[in-house]
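Examination of the molecular architecture
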Amino acid sequence: MALPQAKQDALAARIAGLDLPKGGWLGEARAEALARLTAMGLPGKRDEYWRYTDPTALTAPQASAAVFDDSDEPPVFDAIDRVKLVFTDGIFDAAASDDPALAGVEIERLALAGAANIHWAQGLYGVLEARGQNPVPRPLAALNSAFATDGLLIRVTGRAAKPVSLVYQHKSESSDAILHHVIKLEVDAELTLLENGPAAARFLKVLEVEVSDRARFHHIRAQGRDHERLAATHIFARLGTESLFKSFTLTANGRLTRNDCVLELTGDDAKAHVAGAAMGDRDFHHDDTVFVTHAAERCESRQVFKKVLKNGAVGVFQGKILVKPGAQKTDGYQISQSLLLDDDSQFLAKPELEIYADDVKCSHGSTSGAIDETALYYLRSRGVPLKQAQSLLVLAFLAEAIAEIEDEAIADDIRGRLEGWLHRHES
Amino acid sequence: MLEINNLHVKLEDEDKVILRGVDLKIGPGEVHAIMGPNGSGKSTLSYVLSGRDGYEVTDGSATLEGEELLDMEPEERAAAGLFLAFQYPVEIPGVGNMTFLRTALNSQRKARGEEELSAGDFLKLVREKAKTLKIDADMLKRPVNVGFSGGEKKRNEILQMAILEPRMCILDETDSGLDVDAMKLVSDGVNALRDGKRSFLVITHYQRLLDHIKPDVVHIMAAGRIIKTGGPDLALEVENNGYADLLAEVQ
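Quick look at the structure, then. (Residues numbered from 1 in each chain as written. Chains lettered and ligands numbered in written order. Predicted model: local features only at pLDDT ≥ 70, side-chain atom pairs only at ≥ 80, totals over all residues. Heavy atoms only, no water.)

**Brief notes about the overall build of chain A**
For chain A, the count of helices and strands is nine helices and 19 strands. Radius of gyration (C-alpha) of chain A: 21 Å, near the 22 Å computed for a compact globule of 427 residues. Taking all 427 residues of chain A together, the buried fraction comes to 59%. Relative to all contacts within chain A whose residues are 6 or more apart in sequence, the contacts with residues 24 or more apart total 84%. (Helix = DSSP H or I, 4+ residues; strand = E, 2+ residues; numbered from the N terminus. Rg over C-alpha atoms; globule rule 2.2 N^0.38 Å. Buried < 20%, exposed > 50% of the residue type's maximum accessible area, 1.4 Å probe, protein only. Contact = heavy atoms within 4.5 Å.)

If you want it as structure tokens, here you go:
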């Protein structure tokens, strides 16, 4: 079915200035992605999965300018021993990066590796994204696969001794970055990936992850700073037998953040946990859209999302668990909660379960509430000042999501970051 | 120490008057008990003194060593030396008991211009106090009061009292929900804090607690007022005869 003319025009305007490099395996993958995008068109307010988040700013031809956050707080993860790879306004910045040498990990730049005729990433780039287009279309991810300007291809063959840390700097107020990373964890491999930084005025990112049998992937990211920035990120992951996938996202600041996470459990006994803690003030809008497909037996999935909202901030959660026929003994858990610090803030949640196997355990819950006044009084009656008592209760509320981070040093770093933010609001 | 004069209190959202002129004076080192039938205003008195929302003071005053409590925020009252052991200690999921205790102690020290306690010194202090109340390491690690039994919750209240070292302690039905052994343990904890200077106001329904925590003065409260004051014998009288005679006497 052809797209209506208005949709065709909007798409043409959005991609008019973008470059579609040809040649090599990547050129073919890009052309296929463009074909997918052309068939879908850009997302609109009427689309089922964009009802709570207006995609206009993401689909507009130009990115609106975003000024920089001038706070002098040190970046998160600075104290963690890691291999740091820096992108400035969406372009790899070798001078600011560490030497990418790490035993058991091969790291290549997308732009350089794409020209070859054959590459391991061929079977993944745009492939996991394409699988994730059904049943819910994700046009911005297809746009990303077609027009990504940079990114990394990371192949993990062993257990990485330290995390690979991607740092996204934002230096031009009007930067419009499109990054696409592919990570392949071979059998028994293990990697921790860290991501932080505001990236660009407008940031489109796709992360495709293949977690092979018994491999373990840990992902911790902090989205913060530069309140006016816009971001739409996608994770597409496929999990093999007895593999582990864990992703945690901390978000503070950001006028518009949409994080899609599409997970497919294809091997028996795999585990996928995805969690998020978000804190928003004023015109903050944050959307977590998660789709977990159980296609194998005895797999476990957990979705834990917590949002603290005030002064009219908006939080969105759209989470789905699909249990395919034959995916017996599935254990699916989903919780999304918001703490509304005033009457102006909003939390919109759409939990979904779709189950085609008869021996499964799936649960979901969603709540919105104010801070517990009785707990607040109890803390104050013990001498804890009001603002500090509120901060303690906010941290307590977010604790279940942060508990999804396995590495204690990284979890402490995230907790410390949250405490810092909260203390600043205390004064 | 604590002086309450002509205290009148109503519910903030309703036209319901609860306290109708309470007068009470507790000297340093004294232990006073308040007994009274359900609905007489005993718990309300403790809430109003500690600064809970939802009540409106329409008249009267309450001072702690000359300072007006009713003008202070709850945390200021705590820093000034007031402590309320709750009838129903509050569960706070996600906040570790140790974090809670340390934050409370250091907040109070900071408010009083004292130096905050280091992690090491604090740990030593808690271990020592916890031991006498038979509170194990696991209870200290768990979130505040979450999954605690009734007795554990009350012991945790007394532990907070022992660590915060308030000048004026109010115990609101600390005996409710306790078995005989737990009551003994809690009472011993309270008695250990009696040092001749610290004052106590013990709110209870039953004389039994007063066998363990011996009061100097016993007050009977009814319909929002203290209707009779006497020595420890008054508690025994209530235990034997109930409140009916006393209520009839004043009417």
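Still more ground to cover, so stick around.
**Considerations on the overall build of chain B**
When you go through chain B residue by residue, the secondary structure sums to 10 helices and 12 strands. Radius of gyration (C-alpha) of chain B: 18 Å, near the 18 Å computed for a compact globule of 251 residues. Its C-alpha atoms give chain B principal-axis dimensions of about 60 × 40 × 35 Å. Here chain B holds 251 residues, and 54% of them are scored as buried. In chain B, once contacts between residues fewer than 6 apart in sequence are set aside, the share between residues at least 24 apart is 68%.

**As for the pattern of salt bridges**
All told, the structure shown has 42 salt bridges over all chains when counted by the stated rule. Glu75 of chain B is paired through a salt bridge with Arg380 of chain A; the nearest N and O atoms lie 2.7 Å apart. In this pair, Glu75 of chain B is assigned in helix 2 (residues 74–80) and Arg380 of chain A in helix 7 (residues 373–381), connecting two distinct chains. Using a relative accessible area of 12% as the deciding quantity, one classes Glu75 of chain B as buried. (Salt bridge = Lys/Arg side-chain N within 4 Å of Asp/Glu carboxyl O.)

**Re the interface of chain B and chain A**
If you look at the interface, chain B gives 29 residues, while chain A gives 16 residues. Of the roughly 1,900 Å² buried between chain B and chain A on both sides combined, carbon and sulfur atoms contribute 64%. For chain B, the biggest contributors to the area lost against chain A are Glu75, Phe86 and Val90 of chain B; these three give 26% of the whole. Here chain B and chain A share three salt bridges between them. Close ionic contact of Arg380 of chain A with Glu73 of chain B constitutes a salt bridge, the shortest N to O distance being 2.6 Å. If you look at where chain B meets chain A, you find 11 residue pairs in polar contact (both at pLDDT 80 or more). Looking at the side of chain B that touches chain A, the elements that each hand over two or more residues are helix 1 (42–50), helix 2, strand 6 (82–85), strand 7 (92–96), helix 3 (97–111) and helix 6 (150–164) of chain B. Class assignment of the residues belonging to the side of chain B that touches chain A gives a composition of 16 nonpolar, nine polar and four charged. (Buried area = accessible area lost by both parts, 1.4 Å probe. Polar contact = N/O pair within 3.5 Å; in protein donor to acceptor, adjacent residues only side chain to side chain. Nonpolar A, V, L, I, M, F, W, Y, C, P; charged D, E, K, R; others polar.)

**Some remarks on the sheet that holds strand 17 (residues 331–340) of chain A**
Residues and elements named next belong to chain A. Read across the open sheet, the 10 strands follow the order 2-1-5-7-9-11-13-15-17-19; overall the sheet is mixed. Of all the strands in the sheet, the pair left with one neighbour each is strand 2 (91–92) and strand 19 (361–369). Bridge count between strand 9 (residues 216–223) and strand 11 (residues 244–252): eight bridges; the pairing is parallel. Directly across from Arg221, in strand 11, lies its bridge partner Thr249. Here helix 8 (residues 386–402) sits on the sheet and contacts strand 11, strand 13 (271–281), strand 15 (300–310) and strand 17; the angle it forms with strand 15, its principal contact strand, is near 155°. (Pairing = 2+ DSSP bridges. Axes fitted to C-alpha atoms, helices over the stretch in contact; angles between N-to-C directions.)

**Side note on unusual backbone geometry**
The residue after Asn134 of chain A, namely Pro135 of chain A, is reached through a cis peptide bond having omega 10°. Structurally, the position occupied by Pro135 of chain A is in the loop between helix 5 (127–131) and helix 6 (139–147). One non-glycine residue, Lys329 of chain A, lies in positive phi territory at about 60°. Looking at the element boundaries, Lys329 of chain A is found in the loop between strand 16 (314–323) and strand 17. Backbone geometry places Lys134 of chain B, a non-glycine residue, at a positive phi of 55°.

**Digging into helix 1 (residues 5–15) of chain A**
Residues and elements named next belong to chain A. Leu11, Arg14 and Ile15 are the residues of helix 1 that are buried. For helix 1, the arc enclosing every buried residue in end-on projection is 85°, short of the 170-degree limit, so these residues lie on one face. For helix 1, exposure combined with an orientation more than 90 degrees from the buried face picks out Gln5 and Ala6. Summarising the contacts, the buried residues of helix 1 are in contact with helix 2 (24–40), helix 3 (56–59), helix 6, strand 6 (176–185) and strand 8 (202–211). (Arc of directions from axis to C-beta.)

**Thoughts on the side chain of Arg380 of chain A**
With a relative accessible area of 10%, Arg380 of chain A lands in the buried category. Those residues in contact with Arg380 of chain A that lie beyond four places of it in its chain are Leu386 and Ala389 of chain A together with Glu73, Pro74, Glu75 and Ala78 of chain B.

**Side note on the pairing of strand 6 of chain A**
Remember that side chains alternate between the two faces of the sheet whenever the strand is regular. All names here are of chain A. Taking burial as the measure, the 10 residues of strand 6 include nine buried ones, the bulk of the element. In this sheet, strand 6 lies alongside strand 4 (residues 152–156) in parallel orientation, the contact comprising four bridges. Within the sheet, the bridge partner assigned to Val156 lies in strand 6 and is Leu185. As paired elements, strand 6 and strand 8 share 10 bridges and run parallel to each other. Bridge pairing in strand 8 places Ile183 opposite Val209.

**A few points about the sheet that holds strand 4 (residues 55–64) of chain B**
All names here are of chain B. Sheet architecture is open: four strands sit in the order 2-1-4-5, paired in antiparallel fashion. For this open sheet the edge positions go to strand 2 (17–26) and strand 5 (67–68), each flanked by a neighbour on one side alone. For strand 1 (residues 2–11) and strand 4, the ladder comprises eight bridges, and the chain directions are antiparallel. Counted as the bridge partner of Ile4 is Ala62 from strand 4. Sheet strands touched by helix 1: strand 1, strand 2 and strand 4. Its angle to strand 1, the strand with the most contacts, is close to 105°.

**Focus: the state of the cysteines**
Residues and elements named next belong to chain A. Scanning the model with the defined rule gives zero disulfides over all chains in all. For Cys261, which is in no disulfide, the shortest distance to another cysteine sulfur is to Cys299 and amounts to 15 Å. No disulfide involves Cys362; its sulfur sits 12 Å from that of Cys299, the nearest cysteine. (Disulfide = S-S within 2.5 Å.)

**Regarding the packing of helix 3 of chain B against helix 4 (residues 119–132) of chain B**
All names here are of chain B. Close contact between helix 3 and helix 4 brings their axes to 11 Å; oriented N to C, the two are set at 110°. In terms of orientation, helix 3 and helix 4 fall into the roughly perpendicular class. At the point where helix 3 passes helix 4, the crossing takes the right-handed sense. Residue-level contacts link Met98, Leu101, Arg102 and Leu105 of helix 3 to Ala119, Phe122, Leu123, Leu125 and Val126 of helix 4. (Parallel < 35°, antiparallel > 145°, perpendicular 65-115°, else oblique. Left-handed = near helix turned anticlockwise from the far one by under 90°.)

**A word on helix 7 of chain A**
Residues and elements named next belong to chain A. Within helix 7, seven of the nine residues are buried, which leaves the element mostly enclosed by the surrounding structure. All of the buried residues in helix 7 are Ala375, Leu376, Tyr377, Tyr378, Leu379, Arg380 and Ser381. Where helix 7 starts, the residue carrying a side-chain oxygen 3.0 Å from the main-chain nitrogen of Thr374 turns out to be Asp372. Backbone geometry just after helix 7 places Gly383 at a positive phi near 105°.

**Focus: the packing of helix 3 of chain B against helix 6 of chain B**
Residue and element names in this part refer to chain B. Where helix 3 meets helix 6, the closest approach of the two axes is 10 Å, and the angle between their N-to-C directions is 35°. Crossing of helix 3 against helix 6: the hand is right-handed. Of the residues in helix 6, those touching helix 3 at Asn97, Phe100, Leu101, Ala104, Leu105 and Gln108 are Asn156, Leu159, Gln160, Ile163 and Leu164. Residue composition of the contact of helix 3 with helix 6, grouped by class: seven nonpolar, four polar and no charged.

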